[in-house]
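Here is how the chains run, residue by residue.
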Amino acid sequence: MKNRKRVLILCTGNSARSQMAEGLLRNLAGDRFEVESAGVAPTRVRSEAVTAMREIGIDISQQRSKSVDEFTGQPFDYVITVCDNANEQCPVFPANTKRIHWSFEDPAAAEGDEAARLAVFRRVRDEILEHLQRFCTDPATCKPHTSHLTNI
């Protein structure tokens, strides 16, 4: 489909929130959006993110952690930051790129045993899903999580 909107989802490490958001948005509206994710300081895709997504039937095991630098100069219709750090460090995109910021807890920072950590990944996954469902309904009227919708 040639009229697909391009979306870049950013977080710090591109290890959990943005990876889950990429998988979720592709699943929700893959025919309407071309979706990428990246980090301002990429690390690796967290196994807990893969597990949490697999539980709802979405496989992100082949996704890789990428640097936002890989997307420098590329046009995007939307850049969605999913953490405050990425929002602060987000590079400048062309004026017609719409920036959206949602601040989600970092599940990678969750402590405790495996079950406790996975519970945080599930909760954050579900919060991201709620926001992306609204975004897919009408990106122009998407409601921000805790911050603001801005145009650069």
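Everything here concerns the structure above.
Everything numeric in this text was worked out from a predicted model, so none of it was measured.

Procedures and definitions
- Residues numbered from 1 in each chain as written.
- Predicted model: local features only at pLDDT ≥ 70, side-chain atom pairs only at ≥ 80, totals over all residues.
- Heavy atoms only, no water.
- Helix = DSSP H or I, 4+ residues; strand = E, 2+ residues; numbered from the N terminus.
- Polar contact = N/O pair within 3.5 Å; in protein donor to acceptor, adjacent residues only side chain to side chain.
- Contact = heavy atoms within 4.5 Å.
- Axes fitted to C-alpha atoms, helices over the stretch in contact; angles between N-to-C directions.
- Parallel < 35°, antiparallel > 145°, perpendicular 65-115°, else oblique.
- Left-handed = near helix turned anticlockwise from the far one by under 90°.
- Nonpolar A, V, L, I, M, F, W, Y, C, P; charged D, E, K, R; others polar.
- Core = buried A, V, L, I, M, F, W, Y, C linked by side-chain atoms within 4.5 Å.
- Buried < 20%, exposed > 50% of the residue type's maximum accessible area, 1.4 Å probe, protein only.
- Right-handed = clockwise from strand over helix to strand, strands pointing away.
- Pairing = 2+ DSSP bridges.

## Section: the side chain of N14
Here comes step 1: Its place among the elements puts N14 in the loop between strand 1 (5–11) and helix 1 (17–29).
Here comes step 2: Polar side-chain contacts of N14 include one of 2.8 Å to the side chain of S18.
Here comes step 3: At 3.0 Å, the side chain of N14 forms a polar contact with the side chain of Q19.
Here comes step 4: Setting aside chain neighbours within four positions, we find N14 in contact with Q19, S37, A38, G39, R44, V45, R64, S65 and K66.

## Some remarks on the packing of helix 1 against helix 2 (residues 47–54)
Here comes step 1: With their axes 9 Å apart at the nearest point, helix 1 and helix 2 run at an angle of 25° to one another. Relative to helix 2, the element helix 1 lies roughly parallel. Between helix 1 and helix 2 the crossing geometry is right-handed. In contact with M20, G23 and L24 of helix 1, helix 2 contributes A49, A52 and M53.
Here comes step 2: In terms of residue class, the contact of helix 1 with helix 2 is built from 5 nonpolar, 1 polar and no charged.

## Notes on the nonpolar core
Here comes step 1: Within the largest apolar cluster, 44 residues are counted, with the highest numbers of intra-cluster contacts made by L8, L25 and F135.
Here comes step 2: Of all the elements in the fold, those that place two or more residues in this core are strand 1, helix 1, strand 2 (33–39), helix 2, strand 3 (78–81) and helix 4 (114–137).
Here comes step 3: The element best represented in this core is helix 4, accounting for 8 residues.
Here comes step 4: With near-sequence residues (within four places) excluded, L25 lies in contact with V7, I9, G30, F33, V35, L132, F135 and C136.

## What to know about helix 2
Here comes step 1: Buried residues of helix 2: E48, A49, V50, A52 and M53, and no others.
Here comes step 2: In the core, the buried residues of helix 2 are packed alongside helix 1 and helix 4.

## Structural notes on the pairing of strand 1
Across a regular strand the side chains alternate sides, sitting on one face of the sheet and then on the other.
Here comes step 1: Buried residues dominate strand 1, accounting for 6 of its 7 residues.
Here comes step 2: Between strand 1 and its parallel partner strand 2, the chain crosses via helix 1, and the hand of that crossover is right-handed.
Here comes step 3: Relative to strand 3, strand 1 runs parallel, the two being bridged by 4 bridges. If you follow L8 over to strand 3, its bridge partner there is V79.

These values are about where atoms sit, not about what they do.
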